[in-house]
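# Structure at a glance
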Protein chains: 2
Amino acid sequence: MAKPTPLSGFPEWLPAQRIVEQQILKIVQETFELHGFASIETRAVEPLEQLLSKGETSKEVYLLNRLQAAEGEEQSRDKQLGLHFDLTVPFARYVLENAGHLAFPFKRYQIQKVWRGERPQDGRFREFYQADIDVVGAGELPYHFEVELPLVMAEAFGRLRSLGVPEFKILVNNRRVSEGFYRGLGLNDIEGVLRNIDKLDKIGADKVRELLVDETGASQQQAQLCLDLAGISGTDASVIGQVRALAEGNGVAHELLEQGLNELEALLNAAAVRAPGTIEANLKIARGLDYYTGCVYESVLIGHEDLGSICSGGRYDTLASDGKNTYPGVGLSIGVSRLVSRLLSKGIVTASRSVPTAVLVAVLDEEHRAASDRVAAALRARGIATDVAPSAAKFGKQIKFADRRGIPFVWFPEGTNQAGEFVAHQVKDIRSGEQVDADPNAWVPQDAADLTPTVFAQA
Amino acid sequence: MAKPTPLSGFPEWLPAQRIVEQQILKIVQETFELHGFASIETRAVEPLEQLLSKGETSKEVYLLNRLQAAEGEEQSRDKQLGLHFDLTVPFARYVLENAGHLAFPFKRYQIQKVWRGERPQDGRFREFYQADIDVVGAGELPYHFEVELPLVMAEAFGRLRSLGVPEFKILVNNRRVSEGFYRGLGLNDIEGVLRNIDKLDKIGADKVRELLVDETGASQQQAQLCLDLAGISGTDASVIGQVRALAEGNGVAHELLEQGLNELEALLNAAAVRAPGTIEANLKIARGLDYYTGCVYESVLIGHEDLGSICSGGRYDTLASDGKNTYPGVGLSIGVSRLVSRLLSKGIVTASRSVPTAVLVAVLDEEHRAASDRVAAALRARGIATDVAPSAAKFGKQIKFADRRGIPFVWFPEGTNQAGEFVAHQVKDIRSGEQVDADPNAWVPQDAADLTPTVFAQA
């Protein structure tokens with residue numbers, strides 16, 4: 001077989017890069033669990049009809065066919081399976097399917113790969129990791145979860161800073177504020193206004209104003225006020241005052257606006273205490289999708305705004321419904337692969353080594369391999385990841401084996417007794433060259449951080 | 001949408017079941033890392049030609065098509081993608097693709113889902129987790145890795161016993177022993193003999209004898225000696241003596257047989273020290289696939305032999321080759337979903353709770369939610385997974401919320417000062433009913449095992 005080449009849109013990492021991804025996933029998962037989210041995984045496939053229930057995404061689906069499908073087995077449309085393109089659609093299905101076995105409100109996290117059949121471009125992937133949290137209620141779901149969930153994500157990103165991940169900001173809006181303001185203005189095509197406001201960053205204010213006038217029946221003045229609202233942002237409750245002033249100064253009043261502002265204020269107040277500076281009310285956040293009904297979230301990695309949002313979501317009154325019961329939810333999703341890919345491709349972070357191994361035990365000669373294995377077993381029994389040299393080469397070559405992988409310590413057994421046990425040991429920190437006597441049943445590295453690979457900001 | 005029903009062959013777990021799966025995966029992963037295996041993940045898809053390079057498996061492949069594939073984009077066969085059906089084929093491709101960036105011998109573990117498009121039956125899944133370890137060398141790979149790898153798996157399964165997983169035994173044979181014995185007997189259709197010996201458990205000795213005579217040109221006596229060899233098994237080196245006696249007593253001698261017996265003996269000697277009783281030489285293990293060239297491994301869960309092998313593999317001299325370079329390897333793969341499914345469906349193990357949460361902080365009334373949030377933050381900052389009650393219901397109802405999920409502790413804040421901070425706290429172990437004063441900045445459960453869900457053998 002000739003040397004294979006990568007498939008565009010299907011990222012794969014080398015071992016040291018994978019360590020970066022693993023540590024990011026670990027911190028994210030730990031944060032979710034500290035907040036009481038339960039893990040679930042759903043199958044990779046869903047019936048096509050399920051995947052198409054949100055029309056816009058149909059172009060992105062990968063369909064499955066069995067290579068050796070029996071004659072006449074060609075899938076009828078209603079049995080056709082496709083790979084999931086997000087974790088929300090499968091979660092909604094899981095909730096309906098298992099509602100009788102779940103305790104509501106149900107908080108779950110889900111970290112899995114998803115697939116999108118689009119042509120890879122603009123750093124978009126065809127296969128990528130998402131890390132989602134959602135809370136779903138049976139019939140009702142109190143507002144405080146809309147405050148809680150972005151704060152969980154803020155905490156996760158706060159913890160990621162220890163790996164060298166850049167600062168991050170969550171941008172929040174509330175659908176009720178937008179809708180209440182537009183309705184108070186006398187506009188009724190709420191979806192149309194939101195869809196156009198969503199284009200602000202792409203096409204600029206002048207074009208959006210035109211579109212609002214042309215498509216949603218707004219007057220020049222109404223369109224301008226929509227743009228004025230979209231221009232308001234800030235991390236403290238003064239934002240609420242600015243919106244109120246804009247509304248009152250222009251005779252705009254609506255019950256939804258009032259409710260939305262109160263909700264947004266509660267979120268900002270909580271954020272000021274629990275994640276100061278990381279949550280910004282930003283009234284231009286519209287999120288194209290029409291199923292959001294309360295808070296909507298996007299986020300940016302500071303200095304990497306071109307990446308787009310790496311953590312998004314919102315509140316939906318109908319995450320799932322079986323006709324009898326309705327399950328409202330609120331959730332956010334981290335685009336893990338997008339984040340990891342940027343961190344790696346720009347050399348933002350790096351891993352201290354390409355293996356989990358902390359210690360390499362040297363092998364004196366093949367006759368003494370078993371004795372080296374016993375040293376390794378003693379170290380592993382105390383939680384120290386240990387490898388044994390693959391061959392009894394010269395010690396210089398064994399040290400090079402460790403060095404190539406970034407293994408910090410090489411263990412040298414010396415002198416055996418009649419039972420073939422080593423009676424003396426030295427361990428060398430190959431970074432500093434320091435070599436000391438050591439006991440396999442007691443030695444630990446001076447710096448406990450050396451026990452596992454470290455991920456850190458690259459100089 | 002009507003209540004959805006499960007898809008046959010695509011297992012999904014409820015949250016408490018998923019905790020069982022997570023803890024099994026965690027122990028397996030920790031064991032692999034303690035032994036210095038580096039994590040990699042490969043994309044879920046491979047080019048079809050790659051997947052079909054081992055002819056026998058072609059019936060199992062799921063092909064991918066984009067729902068909205070452009071006209072004329074219908075995949076030509078050489079661009080057709082399919083889902084991987086194991087982790088060995090993708091790993092071989094990964095090694096070739098990245099050889100220049102890897103350090104050999106390269107030890108990797110890989111824990112991912114795989115897909116097989118077969119009709120689900122006999123507890124076979126269409127989507128399931130595999131957990132693989134392999135070591136691959138550039139050009140050469142010393143025999144001691146064939147000893148090392150099953151011992152790593154034995155250690156992993158040994159650790160799984162703490163979760164209530166039944167005892168487990170790895171069955172080992174060596175292709176050189178079989179081939180050397182058959183050739184020494186004068187048989188040349190080695191593949192044919194192995195293929196028929198592989199059927200012993202299914203069709204019995206008499207039918208295998210017939211097939212050996214009919215298909216491989218063996219005499220009745222040769223066939224009987226093949227069966228005699230297959231009947232030998234044991235966990236200590238006396239097995240080697242039995243094989244030698246059988247060979248010498250019948251004038252069978254071959255260089256390969258001698259080499260294979262020496263290798264097998266080294267493995268049994270190491271196992272006697274490092275994993276006594278868990279590794280059995282079993283001369284009937286044939287493993288149908290023809291690419292194994294040294295040790296072959298299968299394994300059984302004691303008392304669940306009907307499950308078939310849940311951990312298999314072997315040595316292959318040509319894991320991958322690009323024409324110039326050849327990469328020999330040895331590896332084993334755990335069928336994690338098969339194991340987990342059996343543990344759950346037979347009620348062998350169970351999880352102490354369905355959430356990661358150790359403590360539920362009660363909420364006095366909605367005005368004091370922020371104060372309860374602060375208690376939760378203090379506990380989380382010390383690594384204690386904590387949830388806050390979703391509503392300020394009566395305490396009895398809040399306790400029931402914890403009870404339904406198996407959360408062991410409920411935290412009751414009492415009496416606030418002027419700043420709205422709680423000034424007194426009690427924590428109740430809802431299993432024993434014991435309630436004590438507690439400080440959010442200092443309290444830990446008496447039994448540290450209560451911090452995380454426990455998985456244990458069901459009574």
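The preceding data block contains the structure.
Residues numbered from 1 in each chain as written. Chains lettered and ligands numbered in written order. Predicted model: local features only at pLDDT ≥ 70, side-chain atom pairs only at ≥ 80, totals over all residues. Heavy atoms only, no water.

## Brief notes about the overall build of chain A
Worth spelling out the cut-off: Under the DSSP-based scheme used, a helix requires at least four consecutive residues in state H or I and a strand at least two consecutive residues in state E, with every element numbered from the N terminus. Using a 1.4 Å probe on the protein chains alone, a residue whose accessible area is under 20% of its type maximum counts as buried, one over 50% counts as exposed, and one in between counts as partly exposed. Contacts were defined at the residue level, with two residues in contact if any of their heavy atoms lie within 4.5 Å. For every accessible area listed, the method is Shrake-Rupley and the probe measures 1.4 Å; residues are considered covered only by the protein chains on display. Positive charge is attributed to Lys and Arg, negative charge to Asp and Glu, and no charge count is given to His or to the chain ends. Note on charges: their place is set at NZ of Lys, CZ of Arg, CG of Asp or CD of Glu.
When helices and strands are counted, chain A shows 13 helices and 19 strands. Taken along the three principal axes of its C-alpha coordinates, chain A extends 95 × 65 × 45 Å. Split into buried and exposed, the 459 residues of chain A put 58% on the buried side. Contacts in chain A between residues at least 24 apart in sequence constitute 68% of all its contacts with a sequence separation of at least 6. Counting every atom, chain A has about 18,500 Å² of accessible surface; 48% of that belongs to carbon and sulfur. Taking the average place of the 49 positive charges on the side chains of chain A and the average place of its 62 negative ones, the gap between the two points comes to 5 Å.

## With respect to the pairing of strand β10 (residues 295–301) of chain A
Residue and element names in this part refer to chain A. Formally: The pairing criterion for strands is at least two bridges between them, as found by DSSP.
The element β10 is extensively covered by neighbouring structure, given that 7 of its 7 residues are classed as buried. What you see with β10 is no split at all: C295, Y297, S299 and L301 on one side and V296, E298 and V300 on the other are buried throughout. Examined bridge by bridge, strand β7 (residues 168–174) and β10 share 7 bridges and lie antiparallel to one another. Bridged to K169 within β10 is V300. Where β10 lies against strand β11 (residues 311–321), 2 bridges are found, and the strand directions are antiparallel. Across the sheet, V296 pairs through a bridge with G314, a residue of β11.

## Considering the pattern of salt bridges
The test is simple: When a carboxyl oxygen of Asp or Glu lies within 4 Å of a side-chain nitrogen of Lys or Arg, that pair is called a salt bridge.
In the structure shown here, the tally under the stated rule is 54 salt bridges over all chains. Of the charged contacts, one joins R342 of chain A and D306 of chain A as a salt bridge, the two residues approaching to 2.8 Å between their closest N and O atoms. Of this pair, R342 of chain A sits in helix α11 (residues 336–345) while D306 of chain A sits in the loop between β10 and β11, and the two are 36 residues apart along the sequence. On the accessibility criterion, D306 of chain A (59% relative accessible area) is exposed. Between E179 of chain B and R183 of chain B there is a salt bridge, with the nearest N and O atoms lying 2.9 Å from each other. A residue pair is termed a helical-turn pair when its members lie 3 or 4 positions apart in one helix, as E179 of chain B and R183 of chain B do in helix α5 (residues 175–185) at 4 residues.

## Comments concerning the packing of aromatic side chains
For clarity, the threshold we go by: Whether two aromatic rings pair depends on their centres lying within 6.5 Å, for rings of Phe, Tyr and Trp, where Trp uses its six-membered ring; planes under 30 degrees apart make the pair stacked, over 60 edge-to-face, and the rest tilted.
This structure, assessed with the given rule, holds 23 aromatic pairs over all chains. Ring geometry for W115 of chain A and W115 of chain B: centres 6.0 Å apart, planes at 80°, overall edge-to-face. Of this pair, W115 of chain A sits in strand β5 (residues 106–115) while W115 of chain B sits in strand β5 (residues 106–115), on two different chains. Here W115 of chain A matches W115 of chain B in class, with each residue buried. With a centroid separation of 3.5 Å and an interplanar angle of 5°, the aromatic rings of F157 of chain A and F168 of chain A are classed as stacked. With a gap of 11 residues between them, F157 of chain A in helix α4 (residues 144–160) and F168 of chain A in strand β7 connect regions that are remote in the sequence. Here F157 of chain A falls in the buried class, since its relative accessible area comes to 3%. For F168 of chain A, a relative accessible area of 7% gives the class buried.

## Some remarks on the sheet that holds strand β11 (residues 311–321) of chain B
Reading across from one edge, β1-β5-β6-β12-β11-β10-β7-β9-β8 (chain B) is the order of the 9 strands in this open sheet, with mixed pairing throughout. Looking at strand neighbours, the two that pair on one side only are β1 (38–39) and β8 (233–234) of chain B, the edges of this open sheet.

## Focus on the environment of F168 of chain A
Separated by 11 residues in the primary sequence, F168 of chain A and F157 of chain A have C-alpha atoms spaced 6.9 Å apart. In this structure, F168 of chain A is in contact with M153, A154, F157, T278, S299, V300, L301, I302, I310 and C311 of chain A, ignoring residues within four places of it in sequence.

## Describing the sheet that holds strand β16 (residues 409–416) of chain A
All names here are of chain A. Formally: Orientation is described by lines fitted to C-alpha atoms, with helices fitted over the stretch in contact, and by angles between N-to-C directions that extend from 0 to 180 degrees.
One open sheet accounts for 5 strands, arranged β15-β14-β16-β17-β18; its pairing is mixed. Among the strands making up the open sheet, the edge pair consists of β15 (386–388) and β18 (435–437). Across the sheet, the mean angle from the axis of one strand to that of its neighbour is 25°, orientation sign disregarded. For strand β14 (residues 359–361) and β15, the ladder comprises 3 bridges, and the chain directions are parallel. Paired with V359 across the strands is T386, a residue of β15. Sitting on the sheet, helix α12 (residues 369–381) touches β14, β15, β16 and β17 (422–429), and the angle it makes with β15 is about 175°. Lying on the sheet, helix α13 (residues 395–405) is in contact with β14, β15, β16 and β17; it crosses β16 at an angle near 150°.

## Some remarks on the packing of helix α1 (residues 15–34) of chain A against α11 of chain A
Residue and element names in this part refer to chain A. Worth spelling out the cut-off: Note on terminology: angles under 35 degrees are roughly parallel, angles over 145 are roughly antiparallel, angles of 65 to 115 are roughly perpendicular, and the others are oblique. Helix crossings get a hand from a simple test, with the near helix turned counterclockwise from the far one by less than a right angle marking a left-handed crossing and a clockwise turn marking a right-handed one. For this classification, the nonpolar set comprises Ala, Val, Leu, Ile, Met, Phe, Trp, Tyr, Cys and Pro, the charged set comprises Asp, Glu, Lys and Arg, and every other residue, Gly included, is treated as polar.
Two elements in contact, α1 and α11, have axes whose closest approach is 10 Å; the angle formed by their N-to-C orientations is 135°. Comparing their axes, α11 and α1 come out oblique. As for how α1 packs across α11, the hand of that crossing is right-handed. Here Q17, V20, E21, I24 and L25 of α1 come into contact with α11, specifically with V336, S337, L339, V340, L343 and L344. When grouped by side-chain class, the residues that make up the contact of α1 with α11 number 8 nonpolar, 2 polar and 1 charged.

## With respect to the interface of chain B and chain A
Formally: Summed over both partners, the accessible area lost on bringing two parts together, with a 1.4 Å probe, is the buried area. Polar contact criterion, stated in full: a pair of N or O atoms within 3.5 Å, where within protein one must be able to donate a hydrogen and the other to accept it, and residues adjacent in sequence count only if both atoms are side-chain atoms.
Listed per partner, the contact involves 94 residues of chain B and 95 residues of chain A. Together chain B and chain A conceal approximately 7,600 Å² of surface at their shared face, both sides included; 54% is due to carbon and sulfur atoms. On the surface where chain B and chain A come into contact, there are 10 salt bridges. Between E41 of chain A and K113 of chain B there is a salt bridge, with its nearest N and O atoms 2.7 Å apart. If you look at where chain B meets chain A, you find 46 residue pairs in polar contact (both at pLDDT 80 or more). Here the element with the most residues in the side of chain B that touches chain A is helix α1 (residues 15–34) of chain B; it accounts for 7 residues. Here the side of chain B that touches chain A is built from residues that sort into 42 nonpolar, 22 polar and 30 charged. Looking at chain direction, strand β3 (residues 62–66) of chain A and strand β3 (residues 62–66) of chain B are connected through 5 bridges and run antiparallel. Looking across to β3 of chain B, one finds that L63 of chain A is bridged to N65 of chain B.

## Some words on the relation of the copies chain B and chain A
In plain terms, the rule: For the least-squares superposition of copies, only C-alpha atoms count, and only for residues with pLDDT at least 70 in both.
The transform that puts chain B on chain A rotates by 180° and translates by 0.0 Å along the axis, for an RMSD of 0.0 Å. Expressed as an axis order, the relation between the two copies is that of a two-fold axis. Proximity to the rotation axis, assessed at the C-alpha, singles out L64 of chain B in chain B; its C-alpha lies 2.5 Å from the axis. The overlap is high: 100% of the interface residues of chain B also sit at the interface in chain A, so the same surface is used on both sides.

## A few points about the environment of F37 of chain A
Tracing the sequence through the fold places F37 of chain A in the loop between α1 and β1 (38–39). With a relative accessible area of 0%, F37 of chain A lands in the buried category. Through-space distance from the C-alpha of F37 of chain A to that of G100 of chain A is 19 Å; in sequence the pair is 63 residues apart. In contact with F37 of chain A, not counting residues within four places along its chain, are F32, K107, R108, Y109, I133, D134, V135, L149 and V152 of chain A together with P356 of chain B.

## Details of a negative patch on the surface
Residues and elements named next belong to chain A. Just so we agree on the cut-off: Patch members must show over 30% relative accessible area and no salt bridge, and they are joined within 9 Å when carrying like charges or within 5 Å when they are nonpolar side chains of Val, Leu, Ile, Met, Phe, Trp or Tyr.
A surface patch of negative charge is lined by D189, E191, E210, D214 and E215. At 3 residues, the largest contribution of residues to the negative patch is made by helix α7 (residues 200–216). Topologically, D189 is positioned in the loop between α5 (175–185) and α6 (190–197).

## Let's talk about the side chain of E298 of chain B
Turning to its location among the elements, E298 of chain B is positioned in strand β10 (residues 295–301). In this structure the side chain of E298 of chain B is engaged in a polar contact, spanning 3.2 Å, whose partner is the side chain of R287 of chain B.

## Notes on the pairing of strand β6 (residues 127–136) of chain B
Residue and element names in this part refer to chain B. Of all 10 residues making up β6, 10 are buried, and the element is well covered by its neighbours. Residues E127, Y129, A131, I133 and V135 line one face of β6 and the alternating positions F128, Q130, D132, D134 and V136 line the opposite face, and both faces are buried. Strand direction decides the pairing type here: β5 and β6, joined by 10 bridges, are antiparallel. In the sheet register, K113 faces β6, and the bridge partner there is Y129. Where β6 lies against strand β12 (residues 326–335), 7 bridges are found, and the strand directions are antiparallel. Following the sheet pairing, A131 is matched in β12 by I334.

## As for the side chain of N282 of chain A
Residue and element names in this part refer to chain A. Mapped onto the elements, N282 comes out in strand β9 (residues 279–282). Overall, N282 belongs to the buried group, its relative accessible area being 6%. In this structure N282 touches L171, V172, N173, A230, I232 and S233, once residues within four positions along its chain are discounted.

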